[in-house]
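In case you want the letters, here they are:
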Amino acid sequence: MNAHYTIQPEMALHRGTADRGWHSQIADDKAMLRGARDLTKDIAEARPGIYWADMTVSAAIGYAAMVGAILVASPLAAIALGLVSALALYRALLFIHEISHIRRGSLPGFRLGWNAMVGIPLLTPSFMYEGVHTLHHKRTQYGTKEDPEYLPLALMKPWSLPVFVLIALLAPVALLFRFAVLVPLGAVIPAVRQLTWQRFSALAINPDFRRRPPEDELKPRVFWQELAGFVWAWVVIGGGFALGWRPLLIALGIVSFTATLNQLRTLVAHLWENEGEAMTVTAQFLDSVNVPPPGLVAEVWAPVGLRYHALHHLMPSMPYHALPEAHRRLVRELGAESTYHGANHPGMGMLVARIARSTMGRKPDR
């Protein structure tokens, strides 16, 4: 999942980076694609019990720890509880990614339950990802200017990377303003409504992306989710006046940390080395990132299956709980010389360093 409040168009690409256009030269690895399909057929069904338990427990821990951080007297205890809250809510929030890929009828009621427990309270309802994220998976749109979730970050100027990450600190305030102010204004001023929908209603990082009007079953969903978000935004603001601003500031701080962690994960979800060319599925896979075991830390900063982001691009509808087993099968069956290993990376630190080197004009190791 990505944040819309990120880099502006003036962060222009700078020239001099080596190996541009390598993606368009990569042919599809038919054996890998066939293996990804054939070796995982028996684990491709979502298991509702896992989804509901994981999401609800994560949300419950997140909110309980947030209340604790607000009420506890010790600053150190408040920081510790705030960290627990941010990480738990981060995990709960990332189920929005699964919702965007849910097959019809596979998880009855999960979208509604997630929005009630997570999406609306965190002012990130599911409509902000539904119908947007799937564009990122379109064969002809990935990595191009039509992709709402792609920027060639590795080819940008060095200062763009910290700005990309740190601007996510403002996401909670921006979302509060969107639902509390822009939604009611948009109800009476069509131009505001159009601007809000096109520019501030998608979890996207491409500043040129303009969202099209909602259609079919998404249209009534947007109405009710925006109404609920508007009501909740003013409950939150009213709580600040009634209870004092300290609880609200602590809550905003926790959610800001969550948004920043997600933006940092987004920074290393891809290699961001494509400059707009159409790419084969294999090239898209190699421009994406797996951070598989044995490391455990990736499960904290890339939970709900997102440590297998490249594998997800091979099989977008594979439920998150099946991705570890799918990875094990592919590693075992495809062999050491398979293209599959080209998307596996050891950790966040090396990925950030690779992108940073690329922004400074140095050829990244492949």
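Residues numbered from 1 in each chain as written. Predicted model: local features only at pLDDT ≥ 70, side-chain atom pairs only at ≥ 80, totals over all residues. Heavy atoms only, no water.

Caption draft 1: Examining empty space enclosed by the protein more closely. Applying the stated rule across the entire model yields 5 cavities of 30 Å³ or more. Of the pockets and cavities examined, the second largest cavity occupies roughly 110 Å³. Residue lining of the second largest cavity: 14 residues in total, with Ala46, His101, Ile102, Arg103 and Ser317 positioned closest to the centre. In terms of residue class, the lining of the second largest cavity is made up of 8 nonpolar, 3 polar and 3 charged. (1 Å grid on protein atoms, 1.4 Å probe; cavity = no way out; pocket = protein on both sides within 12 Å on 5 of 7 lines; lining within 4 Å. Points joined across faces, edges and corners; volume = space filled by probe spheres on them. Nonpolar A, V, L, I, M, F, W, Y, C, P; charged D, E, K, R; others polar.)

Caption draft 2: Highlighting the pattern of salt bridges. Here the structure, examined in full by the defined rule, presents 17 salt bridges. For Glu325, the salt bridge goes to Arg328, with nearest N and O atoms at 3.0 Å. Placement of the pair is Glu325 and Arg328 together in helix α15 (residues 323-334), with a separation of 3 residues, close to one helical turn. Exposure remark for Glu325: the relative accessible area of 26% places this residue in the partly exposed category. The class of Arg328 is partly exposed, set by a relative accessible area of 46%. Several salt bridges converge on common partners, so that one network encompasses Arg104, Arg111, Glu130, Glu217 and Arg221. (Salt bridge = Lys/Arg side-chain N within 4 Å of Asp/Glu carboxyl O. Helix = DSSP H or I, 4+ residues; strand = E, 2+ residues; numbered from the N terminus. Buried < 20%, exposed > 50% of the residue type's maximum accessible area, 1.4 Å probe, protein only.)

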